[in-house]
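Topology and contacts: notes
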Amino acid sequence: MPETLTSRLGDLGTFSRGQGGTKKDARLEGVPCVRYGELYTAHHIRIRRFVSFIDPAAASRYTRLAPGDIVFAASGETHAEIGQGAVFVGDEPAVAGGDTIIFTPRPGADPVFLSYAANTTDAARFKARLGQGSSVIHIGAKHLQGLPVWIPPLPEQRRIAEILDTVDEAIRKTEEIIAKLEQVKQGLLHDLLTRGIDDNGELRDPDLFLAPLYGWALDRFGAYPVICVTAGCCAFGCIVRGLATSVMHVYIGSAIIGLGASNLWVSVLSHISQHT
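Only a predicted model underlies this, so the values are computations on that prediction, with no experimental measurement involved.

A separate point is the overall build of the chain. The helix and strand inventory of the chain stands at eight helices and 14 strands. Burial analysis of the chain (276 residues in total) assigns 37% to the buried set. If you take every contact in the chain between residues at least 6 apart in sequence, the share linking residues at least 24 apart comes to 70%. About 16300 Å² of surface is accessible on the chain, with carbon and sulfur atoms providing 60% of the total.

Turning to the pairing of strand β14 (residues 148–151), a few remarks are in order. By the alternation rule, side chains of β14 split into Val149 and Ile151, which are all buried, and Pro148 and Trp150, of which none is buried. Sheet topology note: the strand β1 (residues 5–8)/β14 ladder contains four bridges and is antiparallel. Across the sheet, Leu5 pairs through a bridge with Ile151, a residue of β14.

Applying the stated criterion across every chain, the model contains seven salt bridges. Ionic pairing is found between Arg17 and Asp99, a salt bridge with its closest N-O pair at 3.7 Å. With a gap of 82 residues between them, Arg17 in strand β2 (residues 13–17) and Asp99 in the loop between β11 (95–96) and β12 (100–105) connect regions that are remote in the sequence. The class of Asp99 is partly exposed, set by a relative accessible area of 28%. Here Arg46 makes a salt bridge to Asp165, at a shortest N to O gap of 2.6 Å. Of this pair, Arg46 sits in strand β5 (residues 45–46) while Asp165 sits in helix α5 (residues 154–195), and the two are 119 residues apart along the sequence.

A word on unusual backbone geometry. In most cases, non-glycine residues show a negative phi, while peptide bonds are predominantly trans. Positive phi, normally seen in glycine, also occurs at Ile45, with a value near 65°. On the secondary structure map, Ile45 appears in strand β5. For Ile45, a relative accessible area of 3% puts it in the buried group. A positive phi angle, close to 60°, is found at Asp99, a residue other than glycine.

Cut-offs and rules
Residues numbered from 1 in each chain as written. Predicted model: local features only at pLDDT ≥ 70, side-chain atom pairs only at ≥ 80, totals over all residues. Heavy atoms only, no water. Helix = DSSP H or I, 4+ residues; strand = E, 2+ residues; numbered from the N terminus. Buried < 20%, exposed > 50% of the residue type's maximum accessible area, 1.4 Å probe, protein only. Contact = heavy atoms within 4.5 Å. Areas by Shrake-Rupley, 256 points an atom, 1.4 Å probe, with all protein chains shown as cover. Pairing = 2+ DSSP bridges. Salt bridge = Lys/Arg side-chain N within 4 Å of Asp/Glu carboxyl O.

Below, the structure written as structure tokens:
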């Protein structure tokens, strides 16, 4: 059986401190850059897509990334999250900003495997114990050097990384589906709460009903009472606006007018259709 051992992260590569310029270097396009805050929000395990770019003229003031480098956040808001990292596997020129720690693995250690190993729950607990500060938490290379890492032979590291990548990809696709379903839900919620449903369980005609209340009133009392209500809303809203003594009163009057005016014309058409 191949030998497996536990090592310290510092024995598997070298650390360096990320150097960066200022926010004035930011550009919509330019040299891709990893900011320390993005390691908590945009980059997980792998740096797949850059969200920050800097002026190429300022790139020399930043730390150049090489394929396989793992970028750790040296600052954070909580002990529980401090020191999160992601591996750079691209071949395009890229840099890291300040408040980052760069780890360059030695041959024999798979960078993607080490990125997973450095972000496990146990690793997070280890880093949380070593994080320093209260309102802003800091961690240094000297702390990350002692991070225990279970290190199997290189072929097994690569197989494990491939399996975990497959699971991550499935999670990403599932999250995309959930996000799309959430959009569908919001659209359906809007239609149900503004149009209502008829006796057959179908959405009412959006040209006839603004809200379930108006639909129910038209069905129950006919168009004439609804016309009176909508016309009354328009008249009352105009009075409120006319007597307004503040911008807020104008907004309130406009809202009241909207409640009536948006339904007045379709209510009149409904009344005409019932008597022709």
